[in-house]
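Tertiary structure, described
Next come the chains, spelled out residue by residue.
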Amino acid sequence: MAKNRNTAPFVKILVIPFAVIISSAFRSTDRPKTPKNSVQSQPNSDLTPRTPKQDPDARRVGINQRRTAVANAMAHEILECSVETFLGHYAPSKPSPDSIEAAYQKLKREDFLVPLKNVPMRPPNSKESFCWSKLEGCTPSGISGTEQEIFKMIEEVVETLVEPSLGTNSRVDGRQPTYQYKDCPNGNTIGEIEGATFRLDACIVPRNSPSAESTTVNTWEAAVIAEFKREEQAEIDNRKQLVSAASFIMNDDPRRMWMYGITIEDASVSLWYFSRSHSVKSLPFDFTKDHRTFVHVFLSFLYAEPDEMGFDPTVHRVVLRDKARRDMTQYVYEVGPRDNPQFYRTTKAIFNPDVLCITGRKTRVWEAVRVAGCHPDGYLKVLDSGRKYAIKDVWLNEGARTEREILNAVFARLSEVSQNPPDYDWGSETLQAVVTEALHDGNYKGYFMNIVADSRGFSCRVTPQGVKRNSKILRESPKELTPAQISRSTDPRSSQRGSASLYGSMRFRESGSSRSQPPTLEREYKVKQQYRLVYNDVGKSLHDSKDLLTAFHVIEDVFIALVLLFLANWVHRDVSTGNIIMVEKNGRIYGKLSDLEYAKEFTSDKAPSTDPKTGTPFFMPYEIHSGRRIYIKAPVTRRRIDIPDNPSAQLPKLSVFPAAANQSQQIAPPFLFSYDLESLWWIMLWFFLARLDHSSANALARRVFTYGIKPSDKRGDIFLAPYGNSIVFAAVASRLQPLYPCIDDIRLQLLTSYSLPVPDLQDDATLYGACWKLLHQLVENIKPLQDIKFIDQNTSSESPVASTTAGEKRQRSSTSAHDEASYVPNSDHRTIKPSDDDPVNNGEEGPSKRPRTIADGVMARRRHLHPGKLGHRIYAP
C-alpha cells in the first residue's frame, strides 16, 4: 500500500456549523468520511447509499446480468487503436522520454528488473536482457501462485515509480504525483447510487484519499480501474468486467467527462478510454518485455491532474449531513460564463437513468437552489430566497444548436408571425381563438419551458486517424459449426432457425418478421460537448401524471405548443411524455413543451434524408420508426374538414398497406408536421392502455409499446387499421370504451393526411384543426370520469429512476448513430428479457436472493409500460 507523504492532500476536510438550514454540521466536498452502518437511500435521492450485505450467489447473478447487458449495449461502439496512438492522443499526461528513461533505470537499481542471465527459468531465444524479478522470466500464467499474489507485484513496481530515492525527488517533468495505485481484489466498492456491487482488481485513486487508505473503493475516487486475468483465454470476460464497471461509474458520478481503464490477460496489457463521444481500447503490449511502455503508462496516470483524468472542474462534489446525521451527497454546478458563473447546488436527483452505453447524451436533471459559490462559505449560502430550479446536464454534439438557441429562434419567428398572422383556414373556431390569444403579447412563451441560464462545457477527445471499430472486442470469436449445425441453421423447418439475438446496444423483444442482422453502418463519432441549462420551473413529466383528466388537459396545452411550432415552421421531432412537463401554478396544472434540442426548421425536400431518425420508440411516428412510407389506396384529397357530432361516421373507409419492397420502403422521409401530432396520438393511446389497472389493456400495451429498433407487428396492426378495427376498443376498460372513438378518429385523420403526396401548409393547418376539434371533444367527454386514477408507478419496488421533471428526457438517441444496428438506442433502459411474457429485466447488480413472485412480474410489467423508467430514444442515419 502507499505510504503517507507530505504532499498536499487531494481534498481537505472542513467542518463548518450551519444552523440555518440543518442543525448538524455540513462537511467537506471530496473527502467524506464513510459512515458506519449507514442506511440505504431511496432511489435517486441525494443520500449517499451504501451497498447492503447480500447473499454471494445473488450478488454474482446481479453482476453477471449487468456485465452481459453492458457488453451487448457497447459491443459495436468500441474503437481500437495502437498503443502509440493511445499514449500520444488519449493519455492524460505526457511524460518526457528523459523521465521515462530515468524511471526505467530506477526499476533496475531497485532490482525490480533484473538481467535475464540471473534468472534460472530464462526463456529460450529471448532477445530481452532484463525481466521482472517477481515473474522469474515468465509470464503470469507460467509461474506458481494465485492470481492475486502474482499481480500484487504491479503495486510494488508502481509505488517505486513515485517514491523518492537517495539524491532524487518525486517530481516528473516538474509535476508531483497526484494519484496512487491501489491493489484491491478483495475490497468492497461503494457508489452514490445502487448497484456498486462489483469489485475491482486494482484502481488508481487520489493520493491520501479515503479509498487510498482503506480496503473500500469509493467509485467517485476511482480515476482508473483495472481488471486482471492470469489466462489470456479469459480476455472477453475480463473486458466485460472492466466495461461494466466503467459504465456504472460514469453513471454514478456527474463530474466524469471521461475515464480510463486497464486490462491485463497474462502478459498482454490494454489501455481503455471511455467518454460520451466514443470509447477506445488500445492494442495490447507485453508488459513482461516492453518495460518502457509499462513505465510510460503509469507515469502518465500517476502525475496527471484531476481535469486531465476526466474530472470536470466546474462540478463540485459536496457532502452534507442531514438532521438524522446521514451523509448527503450533492453537487454544485457552475453555469454561465466561466469568468462569472452562477452556482447551483443540487437538492434532489430528478432524473438520472441507468445508461448501459457510455457513449451518448447521458441526460441528468436535478432540483437545485442557487448558492453563492462552490466553497463551503458559498454553497451553504442559499440565494433567491431558496427558490427551486431545475438543472439539466447533457452531452451534445460539439457545435450543435443548444435548446436555448433553438427556442430563441422559434420565439423570434413567432414574434414576426404575431405581427402578420397567416390566413389559414383551421377548420375550428376554438383553435383559431386559442392561437390568436397565444400570439398576443408574447403569450406563446408560456407553452415552453423558460430557460434562465445555460452554458457549454468541456468537450471529449476527437477521434484520431488510424482508429478503427472492432465489434469483437467484447464478443467471443465464433466457433466453427459442425455440418449438422450448418444444416440446422439453414433448414427453414429447423426449430433453431430465427432464434432471438441481442446485438449492439439493442435490448428488445421483437416479432420474427422484424428481426434483421445488423447492417454495417459507419458512424462519425462526433465530438461531444457538455451543455447545461437551468429551467425557471420545476415540474414533473407527463408520464407521472396521476389521473386521466389532468393528463389530457396537459396534452391540450402541448397541442397548442405544436401549433405554435408549426406557425414558426419548426418540427419538434421528439414529442414524448418525458418532454412534456406538468407545472403547477395557482392551483392549476399547465403543460409545457421542453427539449427542443432535436427540433429543426421544416423542409419539404423529398430527397432521402441522411439525418438520424429521432424519437422515443414508444411514441415515434410509424413511418420514421419502420423506415417505410405508408401508401393508401385511393388517396383522399381534402382541404377543409368540418367535424360533425359523430365524426367517424363521415370519414372514408381507408385501405392502408405498407410499401412493397420495390417502393423505397427504407428511404427515410422528411420529418412532417403531422409526425409530431402522431407522437401525441401515441401518447394518448399509451395512457388508455398502460396507465390504468386493466389486464387486457396492459397486455396489449406490452405488445404495442416496445423498445425495438422496429415497431412491433401489433403496433402496425393498430395504426394501419381501417376504421372500425376493434383491437384497442375491446382491450380498454369498459368505462373508457365510449371515449376511444375520438382517439381512433384522430388516427384516421393522420392516415388521411399521409394520403396527400405533397401536403401544403393549408393541408397541415386543416389537419391541426380537425385533430384539435376531436381532442377538445375527447377532453369534454373525460370530465365526468375525473375520478379515474392511474397506476402508481413510483413505488420503491420499481425501477430506481425517479419521476422526471423540467426538461427531462429519457436518455435518448442524441448520440450519433453509434453501432451497426439500423436504429441505435442511447440505451438508458435496462435489459429486457427475451421472454414474451416477462420482457423486462432491471439489469441491476446484486438483487436480493428470494424466489421471484407474481408481484415481481406485475411490477416488472409496469416498469415496461413506463417510458420514464426504461425509455430510450432510438436513432439512426
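Since this is a predicted model, take the numbers as computed values, not measurements. (Residues numbered from 1 in each chain as written. Predicted model: local features only at pLDDT ≥ 70, side-chain atom pairs only at ≥ 80, totals over all residues. Heavy atoms only, no water.)

**Topic: the overall build of the protein chain**
In terms of helices and strands, the protein chain carries 20 helices and 31 strands. Look at the contacts in the protein chain between residues 6 or more apart in sequence, and 78% of them connect residues 24 or more apart. Split by element, the accessible area of the protein chain, about 34200 Å² in all, is 50% carbon and sulfur. (Helix = DSSP H or I, 4+ residues; strand = E, 2+ residues; numbered from the N terminus. Contact = heavy atoms within 4.5 Å. Areas by Shrake-Rupley, 256 points an atom, 1.4 Å probe, with all protein chains shown as cover.)

**Focus on unusual backbone geometry**
Of note in the backbone geometry, Asn208 takes a positive phi value of approximately 65 degrees without being a glycine. Inspection of the secondary structure puts Asn208 in the loop between strand E8 (202-206) and strand E9 (217-218). On the basis of relative accessibility, which here comes to 12%, the residue Asn208 falls in the buried class. The phi dihedral of Asp595 is positive, around 60 degrees, even though this residue is not glycine. Tracing the sequence through the fold places Asp595 in the loop between strand E26 (588-593) and strand E27 (600-601). (Buried < 20%, exposed > 50% of the residue type's maximum accessible area, 1.4 Å probe, protein only.)

**Section: the environment of Lys108**
Along the chain, Lys108 falls in helix H3 (residues 97-109). Each C-alpha atom of the pair Lys108 and Cys131 lies 9.6 Å from the other, and the pair is 23 residues apart in sequence. Not counting the four nearest positions on each side in its chain, Lys108 is found in contact with Leu113 and Phe130.

**Overview of the pairing of strand E3 (residues 78-81)**
With burial as the criterion, each face of E3 is covered, one bearing Ile78 and Glu80 and the other bearing Leu79 and Cys81. Summarising the sheet, E3 and strand E13 (residues 279-282) pair through 4 bridges and their orientation is parallel. Within the sheet, the bridge partner assigned to Leu79 lies in E13 and is Val280. (Pairing = 2+ DSSP bridges.)

**Some remarks on the pattern of salt bridges**
Tallied over the full model, the rule gives 24 salt bridges. Note that Lys392 is salt-bridged to Glu597, the shortest N-O span being 3.5 Å. Linking Lys392 in strand E19 (residues 388-397) with Glu597 in the loop between E26 and E27, this pair joins segments that are 205 residues apart in sequence. Among the ionic pairs, Arg735 bridges to Asp787, the shortest N-O distance being 3.2 Å. Of this pair, Arg735 sits in the loop between helix H16 (727-731) and helix H17 (740-754) while Asp787 sits in the loop between helix H18 (761-782) and strand E30 (824-825), placing them 52 residues apart in sequence. For Arg735, a relative accessible area of 43% puts it in the partly exposed group. One network of salt bridges, with partners in common, ties together Arg361, Lys392, Glu403 and Glu597. (Salt bridge = Lys/Arg side-chain N within 4 Å of Asp/Glu carboxyl O.)

**A few points about the packing of aromatic side chains**
Tallying each qualifying case throughout the model produces 41 aromatic pairs. Between Phe559 and Trp772 the ring centres are 5.5 Å apart and the planes differ by 45 degrees, which places this aromatic pair in the tilted class. Here Phe559 is found in helix H11 (residues 548-567), whereas its partner Trp772 is found in helix H18, with 213 residues between them in sequence. Aromatic pair Phe566 and Phe673: ring centres 4.9 Å apart, planes at 90 degrees, arrangement edge-to-face. (Phe/Tyr/Trp six-rings, centres within 6.5 Å; stacked < 30°, edge-to-face > 60°.)

**Some details on the environment of Asp787**
Given the relative accessible area of 45%, Asp787 is considered partly exposed. For the pair formed by Asp787 and Leu549, sequence separation is 238 residues and the distance between their alpha carbons is 8.5 Å. For Asp787, the side chain forms a polar contact with the side chain of Arg735, separated by 3.2 Å. (Polar contact = N/O pair within 3.5 Å; in protein donor to acceptor, adjacent residues only side chain to side chain.)

**Considerations on the nonpolar core**
Formed by 110 residues in total, the largest nonpolar core has its most connected members in Phe552 and Phe559. Looking at this core element by element, the count peaks at 16 residues for H11. In contact with Phe559, not counting residues within four places along its chain, are Leu431, Leu677, Leu680, Tyr768, Cys771, Trp772 and Leu775. If you look at the next biggest cluster of nonpolar residues, it comprises 62 residues, including Ala91, Ile150, Ala202 and Phe287. (Core = buried A, V, L, I, M, F, W, Y, C linked by side-chain atoms within 4.5 Å.)

**Quick notes on the side chain of Thr178**
Secondary-structure assignment places Thr178 in the loop between helix H4 (147-162) and strand E6 (179-183). In this structure Thr178 comes out as buried when scored by relative accessible area, which is 15%. A distance of 3.2 Å separates a polar side-chain atom of Thr178 from the backbone oxygen of Ala304.

**Digging into the confidence of the model for the protein chain**
For the protein chain, the average pLDDT comes to 76, and 69% of its residues sit at 70 or higher. Contacts from residues 1-54, a stretch scored under 50 in pLDDT, to residues over four places away or in other chains number 145 contacts. Low pLDDT (under 50) marks residues 659-667, which in the prediction has 15 contacts with non-local residues, meaning those over four places away or in another chain. (pLDDT = per-residue confidence, 0-100.)

**Remarks on the sheet that holds E26**
With respect to topology, 3 strands assemble into an open sheet ordered E23-E25-E26, the strand pairing being antiparallel. Edge strands, defined here as strands with exactly one partner in the open sheet, are strand E23 (540-541) and E26. Here E23 pairs with strand E25 (residues 580-585) via 2 bridges, running antiparallel. Paired with Ser541 across the bridge in E25 is Ile581.

**Examining the side chain of Thr288**
For Thr288, the location among the structural elements is in the loop between strand E14 (285-286) and helix H6 (291-302). Within the structure, Thr288 has its side chain in polar contact with the side chain of Asp286 (distance 2.4 Å). Discounting chain neighbours no more than four positions away, the residues touching Thr288 are Trp132, Leu135, Cys138, Thr139, Pro140 and Ala267.

**Here we look at helix H8 (residues 403-419)**
Here H8 contains 17 residues, and its C-alpha end-to-end distance of 25 Å stays within 8% of the 24 Å for a straight helix at 1.5 Å per residue. On its buried side, H8 packs onto E19, helix H9 (429-439), strand E20 (451-459), strand E22 (528-535), H11 and strand E24 (570-571). (Expected span 1.5 Å × (residues − 1).)

**Thoughts on the packing of H3 against H4**
With their axes 10 Å apart at the nearest point, H3 and H4 run at an angle of 120 degrees to one another. It follows from the interaxial angle that H3 and H4 lie oblique. Between H3 and H4 lies a crossing whose hand is right-handed. Contact residues: H3 offers Ala103, Lys106 and Leu107, while H4 offers Val157, Thr160 and Leu161. For the contact of H3 with H4, a count of residues per class yields 4 nonpolar, 1 polar and 1 charged. (Axes fitted to C-alpha atoms, helices over the stretch in contact; angles between N-to-C directions. Parallel < 35°, antiparallel > 145°, perpendicular 65-115°, else oblique. Left-handed = near helix turned anticlockwise from the far one by under 90°. Nonpolar A, V, L, I, M, F, W, Y, C, P; charged D, E, K, R; others polar.)

**Here's the deal with the pairing of strand E12 (residues 268-275)**
In terms of burial, E12 is a largely internal element, 8 of the 8 residues being buried. Residues of E12 alternate between two faces, with Ser268, Ser270, Trp272 and Phe274 on one and Val269, Leu271, Tyr273 and Ser275 on the opposite face, all of them buried. Counting the residues in the hairpin turn of strand E11 (residues 258-265) and E12 gives 2 residues, including Asp266, whose phi is positive at 60 degrees. Where E12 and E13 come together, 3 bridges link them in antiparallel fashion. Bridged to Trp272 within E13 is Lys281. Hairpin geometry of E12 and E13 is characterised by an intervening segment of 3 residues between the two adjacent antiparallel strands.

**Side note on H11**
End to end, H11 covers 29 Å across 20 residues, agreeing with the expected 28 Å (1.5 Å per residue, within 8%). Burial runs high along H11: 19 of the 20 residues are buried. Regarding H11, its N-cap is Asp547, as a side-chain oxygen of that residue lies 3.3 Å from the backbone nitrogen of Leu549 further along. Asn569 occupies a position one or two residues after H11 and carries a positive phi of about 65 degrees.

**Description of the packing of H3 against H6**
For any two helices packed against each other, one specifies the inter-axial angle together with the distance between the axes. As a packed pair, H3 and H6 sit with axes 9 Å apart at the nearest point and diverge in direction by 115 degrees. Taken together, the axis directions place H3 and H6 in an arrangement best described as roughly perpendicular. When the axes of H3 and H6 are compared, the crossing they make is right-handed. Taken together, the residues of H6 that come into contact with H3 (itself represented by Ser99, Ile100, Glu101, Ala103, Tyr104, Gln105 and Leu107) are His291, Arg292, Val295, His296 and Leu299. The class makeup of the residues in the contact of H3 with H6 is 6 nonpolar, 4 polar and 2 charged.

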